[in-house]
Amino acid sequence: METLGHDLINLFTITNMLCILLGTLVGMVFGALPGLGTVIAVALLLPVTFTLPPLAGILMLLATYQAGEYGGSISAILLGVPGTPQAAATVIDGHPMAMNDSPGKALSYSLLSSSVGGIFGGLVLIFVSVPLAKFALNFGSPEYFLLGVIGLLTVALLSGRDKIKSMISVVLGLMAGTVGVDALTGVDRATFGQPELMDGINLVALLVGIFAISELLSMISKGLNISYVADYDRLKTGLTIEEMKGVAKPTMIGSLIGAGTGILPGIGGGAACWFAYAVASKFSKNPGAFGRGSAEGITAPESSNNASAGGALVPFLALGIPGSAAVAIIMGAFVMHGIQPGPGVFAAERDLVYGIFYGFIVTTVAMYLVGRLLTPMFARVLVVPNSFLVAIVLVLCLIGIYASKAAFFDLWLALAIGVLFYILKRLEYSVSSVIIAYVLAPIIEENFRRSLNLSNGSYDIFVSGPYSILLVMMIFGALTASIHGGIKRRQNLEPY
Amino acid sequence: MTWRSLNILISTVLVLGGASYAVAINRSASDAIFFSSAGIGPAYFPNILAVLLVALSVITLVKNLRDPSPELASKVTTVNSIYIVATLVLAAAAIAAWQFTGYFYPVVFILLALLIAIFRAEFGAMRSLGVGVVTSAATTLFIYALFGRILQISF
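Being a predicted model, the structure only gives us computed values, none of them experimental.

Asks: Please provide a residue-by-residue account of the overall build of chain B, values included.
Replies: Scanning chain B from N- to C-terminus turns up 6 helices and 0 strands. The N-to-C order of helical and strand elements in chain B reads α-α-α-α-α-α. On C-alpha atoms alone, chain B measures out to a radius of gyration of 24 Å, which is more than a quarter above the 15 Å that the 2.2 N^0.38 rule sets for 155 residues. Along the first, second and third principal axes, the C-alpha set of chain B runs to 65 × 50 × 25 Å. For chain B, buried positions account for 38% of its 155 residues. A fraction of 68% describes how many contacts in chain B between residues 6 or more apart in sequence connect residues 24 or more apart. Accessible area for chain B stands at about 8400 Å²; split by element, carbon and sulfur atoms hold 72% of it. Of note, chain B has its 8 positive side-chain charges centred 8 Å away from the centre of its 4 negative side-chain charges.

Asks: Mind laying out the environment of Ala-43 of chain B, listing which residues take part and the relevant values?
Replies: Residues and elements named next belong to chain B. If you trace the backbone, Ala-43 turns up in the loop between helix H1 (3-35) and helix H2 (44-66). Using a relative accessible area of 2% as the deciding quantity, one classes Ala-43 as buried. With 19 residues separating them in the primary sequence, Ala-43 and Ala-24 have C-alpha atoms 9.7 Å apart.

Asks: Tell me about the domain arrangement of chain B, and please be specific about residues and values.
Replies: In terms of domains, chain B is made up of domain 1 (3-73) and domain 2 (81-150). Once you take the C-alpha centre of each, domain 1 of chain B and domain 2 of chain B turn out to be 39 Å apart.

Asks: Describe the nonpolar core, listing the residues and the values that go with them.
Replies: Ile-210, Ile-330, Phe-334, Phe-357 and Ile-435 of chain A are the most contacted members of the largest nonpolar core, which has 175 residues in total. Per-element accounting of this core gives the leading share, 14 residues, to helix H8 (residues 203-222) of chain A. Residues lining this core come from more than one domain, with at least three contributed by each of domain 1 (3-73) and domain 2 (81-150) of chain B. If near-sequence neighbours (up to four positions away) are discounted, Ile-330 of chain A is found in contact with Val-42, Ile-58, Leu-61, Leu-62, Tyr-65 and Phe-316 of chain A.

Asks: If you had to explain the interface of chain B and chain A to someone new, which residues and values would you point to?
Replies: Contacts between chain B and chain A engage 64 residues on the former and 56 residues on the latter. Buried surface at the junction of chain B and chain A, both sides included, amounts to about 5300 Å², of which 79% is carbon and sulfur. Ranking the residues of chain B by area buried against chain A places Phe-45, Ile-95 and Phe-119 of chain B at the top, with a combined share of 12%. Taken together, the links from chain B to chain A amount to 1 salt bridge. Here Asp-162 of chain A ties to Lys-63 of chain B by a salt bridge, and the two come within 3.5 Å at their closest N and O atoms. At the boundary of chain B with chain A, the tally comes to 10 residue pairs in polar contact (both at pLDDT 80 or more).

Asks: Provide a residue-level description of helix H13 (residues 325-336) of chain A, including the pertinent values.
Replies: Residue and element names in this part refer to chain A. Under the 1.5 Å per step criterion, the end-to-end length of H13 is 17 Å for 12 residues, consistent within 8% with the ideal 16 Å. With 10 of its 12 residues buried, H13 lies for the most part within the structure. Turning to H13, its buried residues number three or more, namely Ala-325, Ala-326, Val-327, Ala-328, Ile-329, Ile-330, Met-331, Gly-332, Ala-333 and Phe-334. Considering only its buried residues, H13 is in contact with helix H2 (37-49), helix H3 (54-78), H8, helix H12 (295-319), helix H15 (350-381) and helix H18 (431-454).

Asks: Kindly report on the packing of H2 of chain A against H13 of chain A, identifying the contributing residues and their values.
Replies: Residues and elements named next belong to chain A. Where H2 contacts H13, the two axes come as close as 9 Å, and the packing angle between them is 5°. In terms of axis orientation, H2 runs roughly parallel to H13. Residue-level contacts link Val-39, Val-42, Ala-43, Leu-46 and Thr-49 of H2 to Ala-325, Ala-326, Ile-329, Ile-330, Gly-332 and Ala-333 of H13. Residues of the contact of H2 with H13, tallied by class, amount to 9 nonpolar, 2 polar and no charged.

Asks: Help me get a handle on the environment of Glu-446 of chain A, residues and values and all.
Replies: All names here are of chain A. Looking at the secondary structure, you find Glu-446 in helix H18. As for Glu-446 and Ser-141, which are separated by 305 residues in sequence, their C-alpha atoms are 8.3 Å apart. Among the polar contacts made by the side chain of Glu-446, one reaches the side chain of Arg-450 at a distance of 2.5 Å.

Asks: Tell me what's going on with the side chain of Asp-93 of chain A, and back it up with residues and numbers.
Replies: All names here are of chain A. Relative to the helices and strands, Asp-93 is located in helix H4 (residues 90-100). Among buried charged residues, Asp-93 stands out as having no salt bridge; its nearest opposite-charge side chain is Arg-292, 8.1 Å away. From its side chain, Asp-93 meets the backbone nitrogen of Gly-291 in a polar contact 2.7 Å long.

The rules behind these values
- Residues numbered from 1 in each chain as written.
- Chains lettered and ligands numbered in written order.
- Predicted model: local features only at pLDDT ≥ 70, side-chain atom pairs only at ≥ 80, totals over all residues.
- Heavy atoms only, no water.
- Helix = DSSP H or I, 4+ residues; strand = E, 2+ residues; numbered from the N terminus.
- Rg over C-alpha atoms; globule rule 2.2 N^0.38 Å.
- Buried < 20%, exposed > 50% of the residue type's maximum accessible area, 1.4 Å probe, protein only.
- Contact = heavy atoms within 4.5 Å.
- Areas by Shrake-Rupley, 256 points an atom, 1.4 Å probe, with all protein chains shown as cover.
- Lys, Arg positive; Asp, Glu negative; His and termini not counted.
- Charge placed at Lys NZ, Arg CZ, Asp CG, Glu CD.
- Domains from an automatic or database assignment.
- Core = buried A, V, L, I, M, F, W, Y, C linked by side-chain atoms within 4.5 Å.
- Buried area = accessible area lost by both parts, 1.4 Å probe.
- Salt bridge = Lys/Arg side-chain N within 4 Å of Asp/Glu carboxyl O.
- Polar contact = N/O pair within 3.5 Å; in protein donor to acceptor, adjacent residues only side chain to side chain.
- Expected span 1.5 Å × (residues − 1).
- Axes fitted to C-alpha atoms, helices over the stretch in contact; angles between N-to-C directions.
- Parallel < 35°, antiparallel > 145°, perpendicular 65-115°, else oblique.
- Nonpolar A, V, L, I, M, F, W, Y, C, P; charged D, E, K, R; others polar.

And the structure:
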C-alpha cells in the first residue's frame, strides 16, 4: 500500500522524539490548567518551531495538540473544572467517579479512551487524506476559492452564538491577512507606513494577542488566588481487561463521531464531545448511570476529542483548509517553513506528509506513556494559583513574540490585540474564526483574483464547472440551513 | 457603561475601522489598479472585505438598538479591573524599558516580582513582595538557563 511504504527512519530521529516529548509535556500541563488550554500551548510553542527542521517542529505542535486534549480531562475529573472546552462533557461523569469511586480509575479511563481516539483519528488521517488529496487535484482556482469560502462559512456559522458577529470575525481575520506587500503586484497594503508590517502582521503576535494575552486578562477577572483542592492520593490506578472491554463500545462511538466531526471545519472537539456523550448514552445498556460517574460517560467524549484532532488534519493536509484554531496555528508553522498544505504537498513534501501521518500515531503513544507515568505530577500543577500562572505566562508570551522576529513593534501589537480581543470575546465575537480566516486569507484572495483575471472579471467562472457548481450549492445549503435554524429558534423563543 | 453601549461603541469602531482600511488600501494601491488586468488589482478583494465589514457592523448596530432584552441594559462589570489595568500598565512599562535600555533579564525580574506582589496583595504587602521576589528570581534564572544558555537566544 502506498501509504505504508514510507521510510520510518526519518521519523524516529532523536530530534523528532525529543520534540514529541516536549510537546506532550507542554500540552498536558497547559491542557490541565483551566483557562490556558491547547490553543495557547500550541501558539506559545510556534516560535520554537522556526529553529527546528519542519517535521520536528510540526510533530512538536501535533504532540501538544494531542496531549492538550487529554490534559483537559485531568482538571475536569479532579476538580470538576474542564481544562479545555473539549473536556466539558467529561466533567459530568469524570468528576462524580473521582469523588465517589476513584480519581485514578477515572483518569485511566480518560487516558485509555483518549489514546484509542487518537490512534483512530490517526488512521482516518492516513486513509482518508490521500484519496481526498487525489480528488482535489481536479480543482482549479475557482474551486479552491469556493472551498476556502465553505471553510470560513462553516467556521463562522458553527463557532459562535451570534452568527453576524462570527461573520464579522471572519472578515476581520481576512483583513488582517491582506496587510503587507501584495504577492501579485508588490504594492503595500494597509501598512500605515510601518516597515514592520510590510511582511504582514506577525502570526505569532496575532496568535499570542488573540489567544494568550486576552485569556490572561480573563483569568485575572475570574480570580487570582483560587486554590484548587483535589484527592491526590489515589491517582495511580489501572484498569482490568474486563473494565476495558466494558468501555469498548462508547470508545468506538466517540472515536467515530470525533473523527467525522473533526473533518468538518468549525465543529471540532468542543461539539464532538457532547455529540459523542449523547449518542453513547442512547446506545448504552445502562443509560441511567450517565451523570453519576459512568465509565462510558468518560470514554465517549474523551475518545471523541482526540479523534477529532486527527480528523481536523484531513481537510488541512488534503485541501489546505484548517478546521480549528489549533490546526490554523499548525498551518502557520507550515507557511513559515515555506510549505503550502493542500494536494500539492503530497508530491512536493512526501517525506514530511508521511512523517506527519505516522508521527501523529507516535504522538498518541507518547501521550499514553507520559500520561501513565506523569499524570499524578500534572495533577499537582493544578494547585498553582492564577497569581503565579498569569505573571509567568505573560513573560513567556513576550519571549515567544520577540523570539519570532526580534521586533519590539510586535510586542506592542500583541498587547493591543490582546486588549481588543479581551473586549471582543466578552461581546461574543468568535476568536477562532479570526485566526482561521487570517491563515486562509492568502489562499482565498489569490484564487479569487486568479479566477477573475482568467474570466476577465466575470463571476460566471465560479459556476462554470461541475465541482464549482456543487461547491456553490453547498454554500447556499449551509446559508439556508443557518437562516432556517435562526428563524426556528426565534419562533421557539417568541411568546404565543 | 451598559452592554448595549459597549456593543454600539465596538460596532461604530468597526465601521470606522472598515472605512479607514478601505481608504488606506485604495491610497497605496491606486497605481497598481490601472495596471491590473480586468480591474482585479490589489485593492479589489480588500474593498469587498471593507464593504462586508461595514455592512455587517451596521447590521449589529441596528440589532443592538432594536433589541429590547434586559441583559443589554445591564451594566458591564469587570471583576478585578484594577488588576487588569495594573497588568497592562506594567507590561507596557516593561516592553518600553526593554526597548529603550536593552536589558531583558532585569526587566523580566522586576516585571514578575511586581506582578506577583500585586496579585497577592491580599496576603500582606511584605509577604507578597517576598514571594514575588523569590519566585521572580527563580523564574528569571530558569528563563536565562533555557533561552539564554541552552537555546542561545539573545534578547
